[in-house]
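Chain residues, written in single-letter form:
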Amino acid sequence: MFLAGVVGALVVIAAAVFLTNNGGDKDNETAPKSPAASASADPDLPAGVKCSGKSCTGKDPENMGCGGELAKTSNSVTVGTTLVEVRYSKTCGAAWARITRAVPGDEVTVASGASAKQTGTVEAAADTDAYTPMVAVKDAGEAKACVTLKAGQKGCTT
């Protein structure tokens, strides 16, 4: 009788562990997983990279680890003396726009399709550059950067 009680207790413990690990919901097995909140939770991202794809939209590329060596200029145009670039990180699956040789009041935007658009502005008197937050893209060709200069000129990458 003692042995039957021990076996019964072990079955209850095993069932509790099984239900706790699976959430007790069979629908969870087919539900899509939510994106990782941090780089440490996503083993596919290199050290220091904190987002990928849609989780990067609206976030700062430098703070999220998508800039530097992980980014490249995929398209550029000069408007007046201001250089407008689409910056792209394949690792992050995201793009952003950057302007250099700019003046305070110059505004840069990046867009991916009709739904995703981010804006950056040169604000401080000593600054000559600015960049936008990121938009998720599958490849660099999906992003377009535009600038509106304080002097009134406008231009976009193709």
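Residues numbered from 1 in each chain as written. Predicted model: local features only at pLDDT ≥ 70, side-chain atom pairs only at ≥ 80, totals over all residues. Heavy atoms only, no water.

Taking an unreviewed UniProt entry as the reference, the protein chain is identified by name as DUF2690 domain-containing protein belonging to Streptomyces avermitilis.

**Concerning the overall build of the protein chain**
Filter applied, for reference: Think of it this way: any DSSP run of H or I at least four residues long counts as a helix, any run of E at least two long counts as a strand, and we number them from the N terminus. Buried, partly exposed and exposed residues are distinguished by accessible area as a fraction of the type maximum, computed with a 1.4 Å probe on protein chains only: under 20%, between the cut-offs, and over 50%, respectively. Computed with a 1.4 Å probe, the accessible areas rest on the Shrake-Rupley method; for each residue, only the protein chains presented here act as cover.
The number of helices and strands found in the protein chain is one helix and nine strands. For the protein chain, the α and β elements follow one another from N to C terminus as α-β-β-β-β-β-β-β-β-β. Counting only residues that meet the buried cut, the protein chain has 32% of its 158 residues in that class. For the protein chain, the exposed area adds up to about 9,700 Å²; of that, 56% sits on carbon and sulfur atoms.

**Describing the nonpolar core**
Counted only if it meets this: As used in this record, nonpolar core signifies buried Ala, Val, Leu, Ile, Met, Phe, Trp, Tyr and Cys residues forming a set joined through side-chain atoms within 4.5 Å. Contacts were defined at the residue level, with two residues in contact if any of their heavy atoms lie within 4.5 Å.
In terms of nonpolar packing, the biggest core is built from 20 residues, with V84, A95, I99, V137, A143 and V147 touching the most fellow members. Mapped onto this core, the elements with two or more residues apiece are β2 (82-89), β3 (94-100), β4 (107-112) and β8 (143-148). Among all residues touching V147, those that are not within four sequence positions of it are V79, V84, I99, E107, V108, Q153, K154 and G155. In this structure, L45, V49, C51 and M64 belong to the second largest nonpolar core, which totals 11 residues.

**Some points on the state of the cysteines**
Here is the rule: Only a pair of cysteine sulfur atoms within 2.5 Å counts as a disulfide in this structure description.
Inspection of the entire model under this criterion finds three disulfides. Across a sulfur-sulfur distance of 2.0 Å, C66 and C92 are joined as a disulfide pair. In this structure the cystine formed by C66 and C92 twists about its S-S bond by roughly -95°; its chirality is therefore left-handed. Within this pair, whereas C66 is found in the loop between α1 (2-22) and β1 (72-79), its partner C92 is found in the loop between β2 and β3, the two being separated by 26 residues in sequence. Residue classification places C66 among the buried positions, given a relative accessible area of 0%.

**Things to note about the sheet that holds β8**
Definition in use: One requirement defines pairing of two strands: DSSP has to find at least two bridges between them. Note on geometry: axes are lines fitted to C-alpha atoms, helical ones only across the stretch in contact, with angles between N-to-C directions running from 0 to 180 degrees.
Reading across the sheet, the four strands line up as β5-β4-β8-β9 and stay open at both edges, with antiparallel pairing between neighbours. The two strands at the open ends of the sheet, each matched to only one other strand, are β5 (116-121) and β9 (154-156). Along the sheet, successive strands turn relative to each other by an average axial angle of 15°, direction set aside. Both β4 and β8 contribute to a ladder of six bridges, which runs antiparallel. The residue of β8 that forms the bridge with A111 is K144.

**Structural notes on the confidence of the model for the protein chain**
Detailed reading of the predicted coordinates is not advisable wherever pLDDT is low. Definition in use: Per-residue confidence from the predictor is reported as pLDDT, which spans 0 to 100.
With 73% of its residues at a pLDDT of at least 70, the protein chain reaches an overall mean of 84. Here residues 23-41 is a poorly scored stretch, pLDDT under 50, and it has seven contacts once near neighbours within four places are set aside; other chains count.

**Focus on the pairing of β2**
Burial within β2 is extensive, with eight of its eight residues counted as buried. Side chains T82, V84, V86 and Y88 of β2 all project onto a buried face; the interleaved residues L83, E85, R87 and S89 project onto the opposite face, where all are buried too. The pairing of β1 with β2 spans seven bridges and is classified as antiparallel. By the bridge assignment for β2, T78 is matched with L83. Counting the residues in the hairpin turn of β1 and β2 gives two residues, including G80, whose phi is positive at 65°. Counting the residues in the hairpin turn of β2 and β3 gives four residues, including G93, whose phi is positive at 65°.

**Things to note about the environment of C146**
Mapped onto the elements, C146 comes out in strand β8. For the pair C146 and V110, spaced 36 residues apart in sequence, the C-alpha to C-alpha distance is 6.5 Å. For C146, the contacting residues outside a window of four places in its chain are V84, E107, V108, T109, G155 and C156.

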